[in-house]
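Each chain, written out:
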Amino acid sequence: MKKLIGKIMRSIVRKIISWLVYLKVKISNPATILGKGCRINWTVSFCGTKPITIGRQCSLRNYAVLSPGHGSISIGNNSAIGAFNYFDGNGGIEVGNDVRFGPHCAVYSANHTFADIDHTIASQPLDYAKVIIEDDVWVGSHSVILAGVRIGTGTVISAGSIVTKDVEPYCVVAGVPAKVIKRRK
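Residues numbered from 1 in each chain as written. Predicted model: local features only at pLDDT ≥ 70, side-chain atom pairs only at ≥ 80, totals over all residues. Heavy atoms only, no water.

The element strand β22 (residues 179-183) is barely covered by neighbouring structure, given that only 0 of its 5 residues are classed as buried. Across 4 bridges, strand β21 (residues 171-174) lies against β22 in antiparallel orientation. Within β22, the position partnered with C171 by the bridge is R183. Turn length for the β21-β22 hairpin, with the two strands adjacent in sequence and antiparallel, is 4 residues, and the turn residue G175 shows positive phi of about 110°. (Buried < 20%, exposed > 50% of the residue type's maximum accessible area, 1.4 Å probe, protein only. Helix = DSSP H or I, 4+ residues; strand = E, 2+ residues; numbered from the N terminus. Pairing = 2+ DSSP bridges.)

Right, here's the structure in full:
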């Protein structure tokens, strides 16, 4: 009987915590849409007021930050965002289904312009460019994906890589800047 009561209590506590996380998310960014079965750590930040859409069965780990800025962020079903990830969605970010991000990754969809030397860099406009990460991609720990990049289906990005250009489907890339080191097909 004690085991049954313990199991019921754990289930109730999980539901309360899930409801509190959902409430925190909606207060932080009312435009956020969460799919069913998402597992979101309490410390995840949903910034701003622009749309953030998270698909079904997604996982967002400790201290991840999703900041759509002037754009939007969309994450497909069954994707996982690692601890301490940062998504800058000013130019828009689209993440497909079954995508995995290791810890400490960053995705930027905007870049500073600096051509006018008569003005400070801070006073010059940003250049926005959408980032698209297709289905079944693995982004290794400490990787950075820069504005305007499209990453093809089935790609593996090795840990510590900086992706500055589009990546064809089913490639393994590594380095700074990231280059194709292997093809999966």
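Before going further, it helps to spend a moment on the sheet that holds strand β4 (residues 52-54). Spatially, 6 strands are ordered β1-β4-β7-β10-β15-β18 in an open sheet, and the strand pairing comes out parallel. Each having just a single partner strand, β1 (32-34) and β18 (150-151) make up the two edges of the open sheet. Taken together, the 3 bridges between β1 and β4 define a ladder with parallel strand orientation. Paired with I33 across the bridge in β4 is T53.

Now for the layout of surface pockets. Space left empty within the atom packing is revealed by a probe, the size of a water molecule, rolled over the atoms. Space inside the largest pocket adds up to approximately 300 Å³. Lining the largest pocket are 13 residues, with S18, V21, Y22, C38 and I40 sitting closest to its centre. Those elements that provide at least two residues to the lining of the largest pocket are α1 (2-28) and β2 (39-40). Looking at the lining of the largest pocket residue by residue, the class counts come to 7 nonpolar, 3 polar and 3 charged. Of the pockets and cavities examined, the second largest pocket occupies roughly 190 Å³. Taken together, 13 residues line the second largest pocket, and the ones lying closest to its centre are K165, D166, A178, K179 and V180. Per-element tally for the lining of the second largest pocket: the top contributor is β22, with 3 residues. Looking at the lining of the second largest pocket residue by residue, the classes come out as 7 nonpolar, 1 polar and 5 charged. (1 Å grid on protein atoms, 1.4 Å probe; cavity = no way out; pocket = protein on both sides within 12 Å on 5 of 7 lines; lining within 4 Å. Points joined across faces, edges and corners; volume = space filled by probe spheres on them. Nonpolar A, V, L, I, M, F, W, Y, C, P; charged D, E, K, R; others polar.)

On to unusual backbone geometry. Backbone torsion omega between V176 and P177 reads -5°, so that peptide bond is classified as cis. In the Ramachandran plot, Q57 falls in the positive-phi region, its phi being about 55° despite a non-glycine side chain. Tracing the backbone through its elements, the reader meets Q57 in the loop between β4 and β5 (59-60). A relative accessible area of 41% means that Q57 is categorised as partly exposed. Located in the positive-phi region is N78, a residue other than glycine, with phi close to 60°. As for its placement among the helices and strands, N78 is situated in the loop between β7 (73-75) and β8 (80-81). Judged by relative accessible area, which is 32%, N78 ranks as partly exposed.

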